[in-house]
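Notes for the structure review
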Amino acid sequence: MAEQVKSGSQRSRKRVFSGIQPSGDMHLGNYLGAVKGWVQRQHERENFFCIVDLHAITVPQKPDELREQTRSLAAMLFAAGLDPKLCTLFVQGHVAAHSEGAWLLNCVTPLGWLERMTQYKDKSAKQESVSTGLLDYPVLMAADILLYDADEVPVGEDQKQHVELARDIAQRFNHLYGETFVVPEPVIPDTGARVMGLDNPTVKMSKTFAHIRGHVVRMLDEPKEMERSIMRAVTDSGKEIRFSNDPERAGVNNLLGIYKAVTGKSKQECENDFADARGYGDLKKRVAEVVVAELTPIRERYDELMADPAELDRLLAIGAEQAAAVSAPKLNEIKHKMGLTVPTGSGL
Ligand code: AMP
Ligand code: TRP
């Protein structure tokens with residue numbers, strides 16, 4: 001008999017599944033808004049972090065670049081502090097259950113559900129030739145989530161519709177074949193920090209504007225370069241160093257927000273730290289110092305891992321093994337429910 005589906009309330013820790021695209025260089029916004037929080041909360045939940053290379057190939061990619069970006073992102077996440085003893089970080093393409101699971105779920109997903117996905121409509125409008133994979137993207141994402149019986153799926157607003165589709169697929173499968181999947185909840189994290197562009201504090205720091213000089217601080221920038229970008233950050237003509245919602249003072253607010261997110265201090269403590277500052281120059285200098293101090297060890301660990309491919313492979317193999325230990329039995333359960341034969345000895 002298959003084990004009863006355990007919801008979060010029956011497990012000791014809630015299970016969380018997140019997927020991360022292997023694209024572009026990670027920047028301070030990604031780190032302070034997302035990754036730092038994942039590292040800090042590794043103990044609280046049972047986390048699966050998946051680098052979604054199979055999703056990346058739904059649009060054209062340069063093979064060598066994709067490989068490099070996948071390894072680079074993995075090295076960066078380990079370097080930032082994700083610990084294989086506390087969480088599972090793996091590459092989607094290393095765990096065959098994801099592709100297989102997507103096929104099985106394809107066979108219970110009405111085509112019309114996929115055709116109305118807004119991301120598909122947007123992306124396909126921009127492509128000359130649209131792959132079947134692009135249409136099927138949300139089914140692969142549903143497989144990612146459902147294979148792990150994830151309770152919670154942290155995503156940005158733009159991915160919420162896909163998590164809702166995963167819920168619909170889970171419910172349809174449960175209805176057709178009996179209780180099989182936990183129905184996952186999308187969680188839109190209230191980001192600890194929303195880091196704004198240093199050149200323009202009214203827009204979110206983003207990969208899209210990374211080519212504009214002084215917009216981002218990249219995780220891999222040299223300390224000198226980080227200092228330069230922060231010292232050049234756009235501010236206003238005043239000199240009061242306080243948090244504020246005034247759009248005129250968005251630059252100073254952003255610098256204080258970065259300081260707060262890096263140091264973990266309260267707003268009051270941050271403002272107190274600058275009570276005797278002589279102006280925005282002092283603020284910028286201090287922000288640059290804490291950012292460089294936070295990112296330097298990460299960068300060093302990243303460099304070590306990128307210089308030691310065998311060690312990175314070893315860490316990724318641990319992740320893939322941990323992921324397969326959960327997803328392989330689940331895949332057999334799905335197959336069995338659908339009437340496929342599964343190996344004797346799988347307990348089904
Ligand atoms: P993206 O690079 O846009 O795919 O985002 C990856 C993760 O980083 C998501 O969890 C985003 O919410 C977070 N993120 C991206 N840019 C920022 C930013 N400027 N401030 C805070 N969080 C961000
Ligand atoms: N599609 C998500 C994005 O672009 C990434 C992703 C793939 C994902 N599989 C997932 C997110 C499963 C959460 C759960 O950001």
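Throughout this document, residue positions are counted from 1 along each chain, in the order its sequence is written. Working convention: letters from A go to chains and numbers from 1 go to ligands, in the order in which they are written. Since the coordinates come from a predicted model, pLDDT governs what is reported: local features require at least 70, and pairs of side-chain atoms require 80 or more to be given and counted, while whole-chain, interface and lining totals use all residues. Values reported for side chains reflect all heavy atoms of the structure, with hydrogen atoms and water molecules removed beforehand.

Among the nonpolar cores identified, the biggest contains 57 residues, and Leu-32, Leu-77, Ile-258, Val-291 and Leu-295 are the most heavily contacted of them. Of all the elements in the fold, those that place two or more residues in this core are helix 1 (28-40), strand 2 (46-51), helix 3 (63-80), strand 3 (88-91), helix 9 (223-231), helix 10 (250-263), helix 12 (280-307) and helix 13 (309-338). With 11 residues, the top contributor of residues to this core is helix 12. Each of domain 1 (15-192 + 308-337) and domain 2 (207-304) accounts for three or more of the residues forming this core. When near neighbours in sequence (up to four residues on either side) are disregarded, Ile-258 contacts Leu-28, Leu-32, Val-195, Leu-198, Val-287 and Val-291. We define the nonpolar core as a collection of buried residues of types Ala, Val, Leu, Ile, Met, Phe, Trp, Tyr and Cys that are connected through side-chain atoms lying within 4.5 Å of one another. For every residue, the accessible area (1.4 Å probe, protein chains only) is compared with the maximum for its type, and the residue is labelled buried under 20%, exposed over 50%, or partly exposed between those bounds. Counting from the N terminus, the helices are DSSP H or I runs at least four residues long and the strands are E runs at least two residues long. Where each domain begins and ends follows an automated or database-derived domain assignment. Any two residues whose heavy atoms approach within 4.5 Å at even a single point are treated as in contact.

Under the convention used throughout, the expected extent of a helix is 1.5 Å for every residue step, that is, one less than its residue count. In this model helix 13 runs 40 Å from its N-terminal to its C-terminal C-alpha over 30 residues, within 8% of the 44 Å that 1.5 Å per residue would give. To get the bend at a given residue, fit one axis to the seven residues ending there, fit another to the seven starting there, and take the angle between those axes. At Ala-324, helix 13 shows its largest kink, close to 35 degrees. Gly-339 lies just past helix 13 and shows a positive phi near 95 degrees.

Here we take up the site of ligand 2. Only heavy atoms are used to decide nearness, and a residue is near a molecule or strand if one of them lies within 4 Å of it. Taken together, Phe-17, Gly-19, Gln-21, Val-52, His-55, Tyr-137, Met-141, Asp-144, Ile-145, Val-153, Val-155 and Gln-159 form the complete shell of residues around ligand 2. Under this definition, polar contacts are N or O atom pairs within 3.5 Å; protein pairs additionally need one hydrogen-donor-capable and one acceptor-capable atom, and for neighbouring residues in sequence, both atoms have to be side-chain atoms. Between Asp-144 and ligand 2, the recorded distance is 2.7 Å, taken from a side-chain N or O atom to a nitrogen atom. In the environment of ligand 2, a nitrogen atom lies 2.9 Å from a nitrogen or oxygen atom belonging to the side chain of Gln-159. Within the complex, 90% of the 370 Å² of free accessible area of ligand 2 lies under protein. Listing elements by their share of the shell around ligand 2, those giving two or more residues are strand 1 (15-20) and helix 7 (132-146). To be clear on the numbers: accessible area is Shrake-Rupley with a 1.4 Å probe, and residue cover counts the displayed protein chains and nothing else.

This part is about the packing of aromatic side chains. Aromatic pairing here means that ring centres of Phe, Tyr or Trp (its six-membered ring) are within 6.5 Å. Orientation follows from the plane angle: under 30 degrees is stacked, over 60 is edge-to-face, and everything else is tilted. A full pass over the atoms with the stated rule returns 8 aromatic pairs. With a centroid separation of 4.9 Å and an interplanar angle of 25 degrees, the aromatic rings of Trp-38 and Phe-49 are classed as stacked. Here Phe-49 lies in strand 2 and Trp-38 lies in helix 1, a separation of 11 residues in the sequence. Across the pair, exposure class does not vary: Trp-38 and Phe-49 are buried alike. An aromatic cluster is defined as three or more aromatic residues linked by ring pairs; in this entry it consists of Phe-17, Phe-48, Phe-90 and Tyr-148.

Segmentation of the protein chain into domains returns domain 1 (15-192 + 308-337) and domain 2 (207-304). Domain 1 and domain 2 are separated by 32 Å when their C-alpha centres are compared. Taken together, the contact between domain 1 and domain 2 spans 18 residues of the former and 16 residues of the latter. In total, about 1600 Å² of surface goes out of reach between domain 1 and domain 2, with carbon and sulfur atoms giving 67% of it. The term salt bridge refers to a pairing of a side-chain nitrogen on Lys or Arg with a carboxyl oxygen on Asp or Glu at a separation within 4 Å. Applying the counting criterion to the domain 1 and domain 2 interface returns 2 salt bridges. The partner of Arg-218 in a salt bridge is Asp-25, with the nearest N and O atoms 3.8 Å apart. Our count for the domain 1 to domain 2 interface comes out at 7 residue pairs in polar contact (both at pLDDT 80 or more). Residue assignment for the side of domain 1 that touches domain 2 shows that the elements contributing at least two residues are helix 1, helix 3 and helix 13. Note that Gly is not counted as nonpolar here; it falls among the polar residues with everything else outside the nonpolar set of Ala, Val, Leu, Ile, Met, Phe, Trp, Tyr, Cys and Pro and the charged set of Asp, Glu, Lys and Arg. The residue makeup of the side of domain 1 that touches domain 2, split by class, is 9 nonpolar, 5 polar and 4 charged. Buried surface area refers to the total accessible area, computed with a probe of radius 1.4 Å, that the two partners give up upon joining, counted for both partners together.

Every residue close to ligand 1 is listed here: His-27, Gly-29, Asn-30, Gly-33, Ala-34, Ala-193, Arg-194, Val-195, Lys-204, Met-205 and Lys-207. Val-195 places a main-chain nitrogen or oxygen 2.7 Å from a nitrogen atom of ligand 1. Alone, ligand 1 offers 480 Å² of accessible surface; in the complex the protein occludes 66% of this.

A word on the pairing of strand 2. Of all 6 residues making up strand 2, 5 are buried, and the element is well covered by its neighbours. Orient the strands so they point away from the viewer; a crossover is then right-handed if the path from the first strand over the helix to the second runs clockwise. In this region the chain leaves strand 1, passes through helix 1 and returns to the parallel neighbour strand 2; the handedness of that crossover is right-handed. Judged from the 4 bridges that link them, strand 2 and strand 3 form a sheet pairing that is parallel. Counted as the bridge partner of Ile-51 is Val-91 from strand 3. Paired strands are those between which DSSP finds at least two bridges.

Time to look at the packing of helix 9 against helix 12. Interhelical geometry of helix 9 versus helix 12 gives an angle of 150 degrees and a closest axis separation of 9 Å. Between helix 9 and helix 12, the interaxial angle falls into the category roughly antiparallel. Considering the relative orientation of helix 9 and helix 12, their crossing is right-handed. Contact residues: helix 9 offers Pro-223, Met-226, Glu-227, Ile-230 and Met-231, while helix 12 offers Gly-281, Lys-284, Lys-285, Val-287, Ala-288, Val-291, Val-292, Leu-295 and Thr-296. Residues belonging to the contact of helix 9 with helix 12 are distributed by class as follows: 9 nonpolar, 2 polar and 3 charged. The angle between two axes is taken between their N-to-C directions and runs from 0 to 180 degrees, where each axis is a line fitted to C-alpha atoms and a helix contributes only its stretch in contact. The scheme is simple: roughly parallel for angles under 35 degrees, roughly antiparallel for over 145, roughly perpendicular for 65 to 115, oblique for anything else. Note: crossing handedness is left-handed where the near helix turns anticlockwise from the far helix by less than a right angle, and right-handed where it turns clockwise.

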